[in-house]
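Each chain, written out:
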Amino acid sequence: MELKQLYREIVNEHNLHPVNRGKIEDADLVLRGVNPSCGDDITLYMKLDGDVIKAASYDGSGCAISQASVDMMVDQILGKNKEEAIKLAGTFMGMIKGEITDEESIEALDEAAALQDVAHMPARVKCAVLGWHTMQEMLEHPEKAQENK
Amino acid sequence: MGSLQDFRKDFDILNSGDYVYFDNAATSQRPRQVLDAVTNFYKTTNANPLRGLYDWSMGATEAYENARSTVADFIGASRAEEIIFTRNTTESLNLVAYSYGMENVHEGDEIVVTVMEHHSNLLPWQMVAKKNGAKLVFLEPDEEGVITKEEYESKITDKTKIVAVGHVSNVFGITNPVKEIAEYAHSKGAIMVVDGAQSTPHMSVDVQAIGADFFALSGHKMLAPMGIGALYGRYELLEKMQPFLTGGEMIEYVTRTDATYAEIPHKFEAGTVNAGDAVGLAAAIEYIKSVGFDKIEEQELKLTKLIMEGLAKLPYIKVYGSKDYRKHCGIVTFTMEGVHPHDMSSVLNDDHVCIRAGHHCAQPLMQFIGAGSTARASVYFYNTEEEVAVFLDKLSKVREVMGYGA
């Protein structure tokens, strides 16, 4: 998919009309993710019920690709358990880095799979993975994500 | 004397397709004459300079030292030994911070910089201040980007040991009053460090007239190869300073436990030098002279005026710095309402227009102006009015791509 088409068909909708943007006041986990080269700066919030992600949201600012990507990500991880979410993050980052290309793995990402073509835009890879990377850090190192509450 | 269009023909990359290159403040392009000079050095007289006692090495030494004289003349140094070749402005400023700053700034002293500094003229001073217990003081510009007399006279005091100021801001494009600041700094007993990375390509520089004690420049922003830059230092200061890096070629005599150092400038040029690119820098300077700063400035002003007039017609664009196009040194930094600069730059790239987006290595300034990130278009003498028209046309279509109306 061409860049302009990617914006028009996928990114703009989530960037201009996000569904998961906002702050969860009583979140169990809070982690900030920064992309220093771009200045994308998001904070991810999560509420857990045992191992299951009961609620999640984000706020902050950044380019359309970073914001749309994290908005789509939240859709994908709601109701999943930690392990499933971490696995999805691995799949997404593998896809964006061009390391995972088989359809079956990528299908698991549902709508977020639409960002696959960012793999051909090296300058934008970090934007696309910011939310997913932050989520993975949050779940693998909950101690970091509790300090920020 | 050719026209600017004739000069443009010397830049193969600019004639290789339909790209509009408006990121000249990050790095310029290089004309064939510069590339040929570097190649010719390696083809005809390559050997390790300053060491060998045979023809090629002596030829390499001569080419290298001639390049030093060319740089010295170009920026008005009083003697060639005052020019130290470095990799770039960043290395030049680190040399001053380590070899002068660390020795001469003590607890309770102050270092004055501006909030506009490129990180390369900020982080070395942060390091000196932290390690030696000194305080960093920031000069702040007014809305037009100007550091006023009141501002620098209120912040440069008897405690100030070093004043480090960018000659031209890489974000606003404004030329800072470095001569006036240097005069005041000297009256308070401080030395003046000028970051000339963004000025040297665009205007005639005279380090003595400015009153700079140190002046740093990068070759790659002024038609020369990447990896060659220079530091001017006042002779008396350089002579008293300790080396920055130690090793080969910078010694006089070495025993198992001790060493005495070579005379300046070689004391500050440890290791095999970058003679090939120094020759390239000298060729770049000759090229710039053949174009002439009057023509360079005339073209940059013409293009900057067109860019700023064009941007003023787009209500969703905000331009930073002075409203006067003559105070931009070819640099126009702006934001587009609702569109992140990175998306803007990516969309423009799809149309083969190259502009910079981000914090421009000046994060404290971005915080000061309240922008997380901005876009920057910067021109040089080889850019054309047609390119400005393409840039403005493509820019006016970005918001539609980003989902704002049709």
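Residues numbered from 1 in each chain as written. Chains lettered and ligands numbered in written order. Predicted model: local features only at pLDDT ≥ 70, side-chain atom pairs only at ≥ 80, totals over all residues. Heavy atoms only, no water.

**Side note on helix 2 (residues 32-44) of chain B**
Residues lying three or four places apart along an α-helix face the same way, a consequence of the helix completing one turn every 3.6 residues. Residues and elements named next belong to chain B. Taking 1.5 Å of rise per residue, the 13 residues of helix 2 would be expected to cover 18 Å, and the 17 Å separating its terminal C-alpha atoms lies within 8% of that figure. For helix 2, the full list of buried residues reads Val34, Ala37, Val38 and Phe41. Down the axis of helix 2, the smallest arc covering the buried residues is 95°, so these residues share one side. (Helix = DSSP H or I, 4+ residues; strand = E, 2+ residues; numbered from the N terminus. Expected span 1.5 Å × (residues − 1). Buried < 20%, exposed > 50% of the residue type's maximum accessible area, 1.4 Å probe, protein only. Arc of directions from axis to C-beta.)

**Here's the deal with the sheet that holds strand 11 (residues 317-319) of chain B**
Residue and element names in this part refer to chain B. Read across the sheet, 4 strands follow the order 11-12-15-14 without closing on themselves; strand pairing throughout is antiparallel. Looking at strand neighbours, the two that pair on one side only are strand 11 and strand 14 (356-358), the edges of this open sheet. Strand-to-strand twist of the sheet, defined as the mean angle between neighbouring strand axes without regard to direction, takes the value 30°. Lying on the sheet, helix 11 (residues 293-312) is in contact with strand 11 and strand 12 (331-336); it crosses strand 12 at an angle near 15°. In this fold helix 12 (residues 341-350) packs onto strand 12, strand 14 and strand 15 (374-378), with an angle of close to 155° to the strand it touches most, strand 14. (Pairing = 2+ DSSP bridges. Axes fitted to C-alpha atoms, helices over the stretch in contact; angles between N-to-C directions. Contact = heavy atoms within 4.5 Å.)

**Things to note about a negative patch on the surface**
Residues and elements named next belong to chain A. A grouping of Glu13, Asp75, Asp110 and Glu111 is seen on the molecular surface, where their side chains present a negatively charged patch. Note on placement: aspartate 75 falls in helix 2 (residues 64-77). The partly exposed category is assigned to aspartate 75, whose relative accessible area is 34%. (Patch = residues over 30% accessible without salt bridge, like charges linked within 9 Å, V, L, I, M, F, W, Y side chains within 5 Å. Areas by Shrake-Rupley, 256 points an atom, 1.4 Å probe, with all protein chains shown as cover. Salt bridge = Lys/Arg side-chain N within 4 Å of Asp/Glu carboxyl O. Lys, Arg positive; Asp, Glu negative; His and termini not counted. Charge placed at Lys NZ, Arg CZ, Asp CG, Glu CD.)

**Digging into the sheet that holds strand 2 (residues 83-86) of chain B**
Residue and element names in this part refer to chain B. The 7 strands lie next to each other as 2-8-7-6-5-3-4, forming an open sheet whose pairing is mixed. Here the strands that pair on one side only, and so sit at the sheet edges, are strand 2 and strand 4 (135-139). Adjacent strand axes in the sheet meet at a mean angle of 20° when their direction is disregarded. As defined by bridge partners, strand 7 (residues 214-218) adjoins strand 8 (residues 229-233) across 5 bridges and the pair is classed as antiparallel. What sits directly across from alanine 216, in strand 8, is leucine 231. Where helix 3 (residues 55-75) meets the sheet, it contacts strand 2, strand 7 and strand 8, and its direction lies at approximately 115° from that of strand 2. Its contacts with the sheet place helix 7 (residues 178-187) against strand 5 (160-166) and strand 6 (191-195), and it is angled at close to 155° to strand 6.

Just geometry here; none of it tells us what the structure is for.
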